[in-house]
Structure formats: structure tokens, C-alpha cells
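# Architecture at a glance
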Protein chains: 2
Amino acid sequence: MSEVRRDIVTDTWVIIDTENDRIPVPPPSDVTVSGDCPFCEGNESRTPNEIYAVRSKGAANSPGWQLRVVPNINPILRVEGELQKHGVGVYDMVTGIGANEVIVETPEHITNFFELSEEQIALVMRTYRQRIEDLHKDKRMRYILIFKNHGPLAGASTMVHTHSDLIALPATPVRVKQKLSGTQEYYSYKERCLFCDIIQQEIEMGDRLIFQSEHFVVITPYASRFPFEILIVPKRHAFSYKVIDENEIKDLSRVLKVVCKTMFDILHDPPFNLILCDSPNLLPKANYWATIKSDFHWHIEITPRLYRTTGFELGTGFYINHMAPEKAAGIFRERL
Amino acid sequence: MSEVRRDIVTDTWVIIDTENDRIPVPPPSDVTVSGDCPFCEGNESRTPNEIYAVRSKGAANSPGWQLRVVPNINPILRVEGELQKHGVGVYDMVTGIGANEVIVETPEHITNFFELSEEQIALVMRTYRQRIEDLHKDKRMRYILIFKNHGPLAGASTMVHTHSDLIALPATPVRVKQKLSGTQEYYSYKERCLFCDIIQQEIEMGDRLIFQSEHFVVITPYASRFPFEILIVPKRHAFSYKVIDENEIKDLSRVLKVVCKTMFDILHDPPFNLILCDSPNLLPKANYWATIKSDFHWHIEITPRLYRTTGFELGTGFYINHMAPEKAAGIFRERL
């Protein structure tokens, strides 16, 4: 069982694996190949039993699937057990309750997300919605984070078969709280959604606009933390990914395929993270963030990880970015 | 001139280099060697003119020094110009006023900080105090961050000659604000300094205590974000590094030398960051954080960077750490 510990000074939480005894060494650079890959069709016995699957034939944990969701084989948080909070002197701790799943995006050994077909990406996007809906039923799960790590510099493991990671947390993350505060503050002043205003302004100004589709706006954010950082925002105001509809899913799949392909071409297969930024799990009698449905607006962040963060980022929480987002957006527009 | 842009959603600031046009490429892996190193004695003409130096002989910018402070040759912020804030639609921006200095810690081509003599480290520690005192006279400089990046994975440049970086910022960083809030909240409830209570508790509990010297306590923090993270806290309550005295400087130099040497031995020359966590520059008529002298307590964070952060850390601001700080402290104690 891991512990979720609160840094009392900064209100940051850290999941500590209290069972590991090994001194860390650099991760091995050898990567899984097709025949040897536990995520490939036919190797189902090499993963824990599936939680969810889209399959045209076959029994659970056998071939015949298009997409599988399995528990992480080394989960950092577990569903079983009671959520307990207790103090250790001045400190606070929560038992490591949560969930840690892997969404295997294809039965084939494809290593780049954009190489999936639009239909296959749509399956992945529907699965994101299904997993959030399902996990939100468990009120211990305060926040569901779905993300992708591509390339070692973005923290990817040696499992190169394209997949998404899901971590369900027993506390609302500090970055999510910051976003909720920022959007709530704006709404209480303007009575308008901050993200709705941002996309309108970006469409009007145009210099950070990469493109817009029927349902989405794709921009480089004004305060981009990383060169070529990308923000994808739905045009329809919606506080949670849970309410995405079928037309939006199909459109988003096209958008993600073209954005990831263009980023691959411009930056030569860069390491990157993709993060679905959703609302927390609302509690039934929540007056905490009671206005979240009008304030917050879900979105996707894609962050190429070309530079390592330094003591500056660690010490401040600020970032230094050597590429103006207006220039990055221009380069994207030329290559689309 | 760079721009300091505020992310309106999260209240994070990003320094954007608006002049650069190059698409980033991975940094070159070749490193500077002795004869070719601009930081070595005799090569003074290859750095900008010195801002400050400790020298036994010679004119400014000539040999004969023990320590030099020079402007960064590619400063991300500059002292010249007027601090202007303005809006860009819904966004906020500040002109890139600040300072970006390099503290060259020795005239010899030494690449590991702990290989400096205790006397030489004491010169570095006195220089930290001198630079903060000097830069605090300029009230545009809201926060002075002094830090070290060691190794490419910790964001170090190819300049391997041991040095510290200094960035003076026109805004108080979000991580510093979080620490000020956390310590202020604790003080207002308990009427005691949080860091004073932490060091007392860590001495009593002992499992995260690496060692204590006459004036300092060295621990692995309860919510360590990274394996083998180290926190060095002065025993004397002091809100700012500016008030460190000569006895404390000598003791701190001994502590840093032994801590960095032990970390080098255990983790085989790991990449790491060292961060001096100080108070912001107090304004003359500050009622903002008026209690900072009683709440806040300066300290030093040393963070080995053995793992890359993933989409999880980026998306949440939380961390996952696979080494319990109690175990790391035990390993440190065995090797001291």
C-alpha cells in the first residue's frame, strides 16, 4: 500500500511507494518489440485481467478486441481498502486508495498515436468518457487524470505500444484547484466562462490560432510553458468531458490525428505529454465549487518536452520558454 | 526583450523569449573542458564584465580572483528598461525586467560542487547573501532565486565548471506564494513557525533525520517529491537568508560539502538541483504578508533528478515518488 502525503508547506500531495527498497537507477533503454509486447493481441495473459474492452468477438482476456483497459501491473494506487486520513505530528496522510489503469489503444503494435485510424482514435475517446463515468460512481475518487507519455524524456516507460494512462486520485490536485479558482474568479467578475472568452479572443486575434474545426479550437496558449505547447478547447461550453457527444468525439479524433502528426513532422518525433483536463468528481451535496458547471470548461493540453526543467521551474513553479507561442502557431499553420 | 506572461487560468507566470526563431533541438552533449572554459581563470574576456568578485589581486575582469559574479551571456531577463504591466485582451503581461547572473564558484576547472574546499564554499555562501542584499535594493526585483543545476537531466547547460545561477524576478513565484500561505496559515493557528515545529518533530521522530550540525538540521522531507530529496533548515528562526551570520555560513559550508559528497557516492553522480528558498523582497509599506518575519523560515532544497516527470506531474502538480524518505534517510545515515 502506498501513502498519499501532503506537503503542509505548499499543499502539494506526493504518492509515496513505501514498499520499494531499491535505489533508483536510470531506466533501461531497450524497448518492447512486437512479439514480446504484453499489449499486443494474443498476449492477453501477460496483463492483469481486463476492466473494460471493446471487442467484436472472443471472451474476456482473449484475442478479438479493438481496445482493452487493464489495471497497471505495478499500480501506484489501489481500489481495495478503506480511505483513511490521519496525521503524523504536523503532517497529513491519506491511504493510497485510487485506481491506476492502462488504456491499450490498439491490438496492433503501433507506437505513434497519430498512426491509429480516426475510427480507432474515436474508440479511445469514447473509452476516456466511459472510464470517467464509471470511476466517478466511487465517491472516494476525487479526480480522474487521463494522460499520455510519449518518449523517455516525457516520462514514458519502455512500453512503446500506444496507450493512455489513467490515475484516479483521492484528493483534488493542486493544478486542478488553481484552474478552478482562476475560472471561478473570472466568472464571478464577468459572469462569463474564461475559456469561452479565451477561444473567442484567440479566433479574433488569430496569431496563436493553429486551426479550428467544427467543434474545436486549437491554439498555442498565450503563456505557453513549453515550445509548441498546444491547447485544444471544445467550442461548446461543457464543464466535463463526460458530456462530450458523438459528433464531438468524431471531430476530436480528426483534430488529434492531424495535430499529433504535424507535431511529429515539425519536431521529429518529440517526446510529449497529452493531458485531458477535466472537472473533479462532484460530490452529491457539494457547495464546494457549486458554480463549477458554469465556470469550468474541459480541455486537452499537449506539451512537447524538448527541454528539461531546471532548478528555476522547481523553485518557482514558473517556466522559461524560448519559443514565442505566436511563432510556434505560425510554424504549425504552415505545415498543416 | 522577453515578456513575462501570466497564465490567467492557473496564475502561473512564464518568461517568453520573444526574439528566438529557432525550432529547438536537443542540446549538444559535448561539454566545456578546462582550456576552453569561459569560467576558468585567464578566460575573463569570454564572459560579460563582472558584477562582483572576491579577488586577492588584479583589476576587475583579469586573473587573481577567488569567485566572480557575471551577467548571464544570454540573459532571459534584463535590468535595463521600465517595468510595465499591460493587458492583452483577457491576458496580463509584464516586460522582462529582472536580472540573470552566474556565480562562478572557483577559478579552477572543478565540476563538482563538493570538491570545493569548505573555505571556498563559504565564499559562495557569502556571495549568495551579498547578491540578495544588493538586488533587494531595487524594488522592481520581487524575488531573487539562487539555484544550481548539475547534470543534463537537471537542466544543466554544457558549462560544467561549478557555478550557481541567479534569476531576479519582477513577480513573486507561485511556489513561493504557496509556501508563504502554508507557513502563514500555520502561524495564525498555532502562533509558532511551521519550519521550527518541523525540525523539532524530525529530531524527535528521527526516521527522516540525516544528521544535525551545530546550526542546521538535514532531513528527507515527509512528502519528498523525488527519491533522496534533502531539506536543510537552519535551527535559528530566520525569515531570510540575508540575516545568516558568519558562524552559520561556516557550518552550512561543512554541511553542504558532506551532503553533496554523500549523495554523489550513493547515487553515482546524480543529476540534481539545489535551490535556496528565501523570502521575497519586502516592500517598505508592505501590509501584504506583514507577518512574514515570524511566519517564514528560509531553507535549502536539494533534489536529485533520477526520473523524468510525466503527464501525471504536469497535469496535477502532484508527484509520485518510489522511494520512501525514511528509507532514503536510513541509507544516507549509513553512508555518512
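Further up the page is the structure itself.
So, a few notes on the structure that sits alongside this text. (Residues numbered from 1 in each chain as written. Chains lettered and ligands numbered in written order. Predicted model: local features only at pLDDT ≥ 70, side-chain atom pairs only at ≥ 80, totals over all residues.)

## Observations regarding the overall build of chain A
So the rule is basically this: Here a helix means four or more residues in a row that DSSP labels H or I, a strand means two or more in a row labelled E, and each is numbered from the N terminus. The globule rule used here is 2.2 Å times the number of residues to the 0.38 power, and the radius of gyration it is set against is calculated over C-alpha atoms. Three exposure classes are used. Buried residues have 20 or more other C-beta atoms within 10 Å of their own C-beta, exposed residues have 12 or fewer, and partly exposed residues fall in between, all C-beta atoms being placed from the backbone. Contact between two residues is assigned whenever their backbone-derived C-beta positions fall within 7 Å.
Summing up its helical and strand segments, chain A has 7 helices and 15 strands in all. The C-alpha atoms of chain A give a radius of gyration of 20 Å, which matches the 20 Å a tight globule of 336 residues would have. For chain A, the spread of C-alpha atoms along the principal axes amounts to about 50 × 50 × 40 Å. Evaluated residue by residue, chain A yields a buried proportion of 49% over its 336 residues. For chain A, the proportion of contacts with a sequence separation of at least 24, taken over those separated by at least 6, is 69%.

## What about the relation of the copies chain A and chain B?
As a reminder of what qualifies: Copy-to-copy alignment: least squares on C-alpha atoms, limited to residues at pLDDT 70 or above in both.
Overlaying chain A on chain B yields an RMSD of 0.0 Å, the required transformation being a rotation through 180° with an accompanying axial translation of 0.0 Å. The operation mapping one copy onto its partner corresponds to a two-fold rotation axis. Considering only C-alpha atoms, the part of chain A nearest the rotation axis is arginine 308 of chain A, at 4.3 Å. Most of the interface of chain A is mirrored in chain B, where 100% of its interface residues again form contacts.

## Examining the nonpolar core
It is characteristic of soluble globular proteins that their nonpolar side chains tend to be buried jointly. Just so we agree on the cut-off: The term nonpolar core refers to a set of buried Ala, Val, Leu, Ile, Met, Phe, Trp, Tyr and Cys residues connected through C-beta atoms within 7 Å.
Ranked by internal contacts, the top residues of the largest apolar core, which has 180 residues, are Ile144 and Val218 of chain A together with Ile144 and Val218 of chain B. Looking at which element gives the most residues to this core, the answer is helix 1 (residues 118–136) of chain A, with 7 residues. Contacts of isoleucine 144 of chain B, omitting those with residues within four sequence positions, involve Ile132, Leu135, Leu166, Ala168 and Asp278 of chain B.

## A closer look at the sheet that holds strand 10 (residues 209–212) of chain B
Residue and element names in this part refer to chain B. In plain terms, the rule: Note on pairing: DSSP must find at least two bridges between two strands before they are called paired. Lines fitted to C-alpha atoms define the axes, with helix axes restricted to the stretch in contact, and inter-axis angles between N-to-C directions lie between 0 and 180 degrees.
Pairing in this open sheet of 10 strands is antiparallel, and the strands run 3-4-7-9-8-13-14-12-11-10 from one edge to the other. Of all strands in the sheet, those bounded by a partner on one side alone are strand 3 (52–55) and strand 10. The average undirected angle you get between the axes of adjacent strands in this sheet is 15°. Bridge count for strand 8 (residues 143–150) against strand 9 (residues 163–169) is 5 bridges, and the pairing is antiparallel. Bridge pairing in strand 9 links leucine 145 to isoleucine 167.

## Describing the sheet that holds strand 5 (residues 85–88) of chain B
With respect to topology, 5 strands assemble into an open sheet ordered 15(A)-2(B)-1(B)-6(B)-5(B), the strand pairing being mixed. Of all the strands in the sheet, the pair left with one neighbour each is strand 15 (319–321) of chain A together with strand 5 of chain B. Here the average twist between neighbouring strands, direction ignored, is 30°. As paired strands, strand 5 of chain B and strand 6 (residues 91–95) of chain B are joined by 4 bridges and run antiparallel to one another. Within strand 6 of chain B, the residue paired with histidine 86 of chain B across the bridge is methionine 93 of chain B.

## Structural notes on the pairing of strand 4 (residues 65–71) of chain B
All names here are of chain B. Most of strand 4 sits out of view: 5 of its 7 residues are buried. Note: strand 3 against strand 4, 4 bridges, orientation antiparallel. By the bridge assignment for strand 4, alanine 53 is matched with arginine 68. Sheet topology note: the strand 4/strand 7 (residues 99–104) ladder contains 4 bridges and is antiparallel. Looking across to strand 7, one finds that valine 70 is bridged to valine 102.

## What to know about the packing of helix 1 of chain A against helix 4 (residues 246–267) of chain A
All names here are of chain A. Where we set the bar: For any helix crossing, the convention is left-handed if the near helix is rotated counterclockwise from the far helix by under a right angle, and right-handed if that rotation is clockwise. Nonpolar residues are Ala, Val, Leu, Ile, Met, Phe, Trp, Tyr, Cys and Pro. Charged residues are Asp, Glu, Lys and Arg, and all others, Gly as well, are polar.
Contact pair helix 1 / helix 4: the axes reach a minimum separation of 8 Å and the direction vectors enclose 115°. Helix 1 and helix 4 meet at a crossing whose hand is right-handed. Of the residues in helix 4, those in contact with Glu118, Ile121, Ala122, Met125 and Arg126 of helix 1 are Ile249, Lys250, Leu252, Ser253, Arg254, Leu256 and Lys257. Of the residues in the contact of helix 1 with helix 4, the class split is 6 nonpolar, 1 polar and 5 charged.

## Describing the interface of chain A and chain B
Opposite the 75 residues of chain A that make contact, chain B presents 75 residues. Tallying contributions element by element places helix 2 (residues 174–190) of chain A first for the side of chain A that touches chain B, with 7 residues.

## What about helix 2 of chain A?
What counts, and what does not: Multiplying 1.5 Å by the residue count of a helix minus one yields the expected span of that helix.
Along its 17 residues, helix 2 of chain A runs 24 Å from first to last C-alpha, staying within 8% of the 24 Å computed at 1.5 Å per residue. Within helix 2 of chain A the residues assigned to the buried category are Val174, Arg175, Val176, Lys179, Leu180, Thr183 and Tyr186 of chain A. Contact partners of the buried residues in helix 2 of chain A: strand 2 (12–16), strand 8 (143–150), helix 3 (194–205), strand 13 (272–277) and helix 5 (292–295) of chain A together with helix 6 (311–316) of chain B. Once helix 2 of chain A ends, the next one or two residues include glutamate 191 of chain A, with phi positive near 55°.

## Remarks on the packing of helix 4 of chain A against helix 7 (residues 325–335) of chain A
Residues and elements named next belong to chain A. Keep this limit in mind: Any angle that falls under 35 degrees is termed roughly parallel, while one over 145 is termed roughly antiparallel, one within 65 to 115 roughly perpendicular, and all others oblique.
In the contact formed by helix 4 and helix 7, the axes pass within 10 Å of each other and the chain directions differ by 105°. One way to sum up the angle between helix 4 and helix 7 is to call them roughly perpendicular. Together, Thr262, Asp265 and Ile266 of helix 4 and Ile331, Phe332 and Arg335 of helix 7 make up the contact between the two elements. Of the residues belonging to the contact of helix 4 with helix 7, the class tally is 3 nonpolar, 1 polar and 2 charged.

## What about the environment of histidine 163 of chain B?
All names here are of chain B. Counting through the fold element by element, histidine 163 comes out in strand 9. Along the chain, histidine 163 and serine 2 lie 161 residues apart, while their C-alpha atoms are 24 Å from each other. In contact with histidine 163, other than residues within four places in its own chain, are Phe39, Val102, Ile103, Val104 and Glu105.

## Digging into the environment of threonine 158 of chain A
Within the secondary structure, threonine 158 of chain A is located in the loop between strand 8 and strand 9 (163–169). C-alpha of threonine 158 of chain A to C-alpha of phenylalanine 272 of chain A: the two residues are 114 residues apart in sequence and 15 Å apart in space.

## With respect to the environment of leucine 276 of chain B
Residue and element names in this part refer to chain B. Assignment of secondary structure puts leucine 276 in strand 13 (residues 272–277). Leucine 276 gets classed as buried once you count the C-beta atoms within 10 Å, which come to 23. With 38 residues separating them along the chain, leucine 276 and alanine 238 place their C-alpha atoms 14 Å apart. When near neighbours in sequence (up to four residues on either side) are disregarded, leucine 276 contacts Tyr128, Ile146, Phe147, Tyr241 and Ile300.

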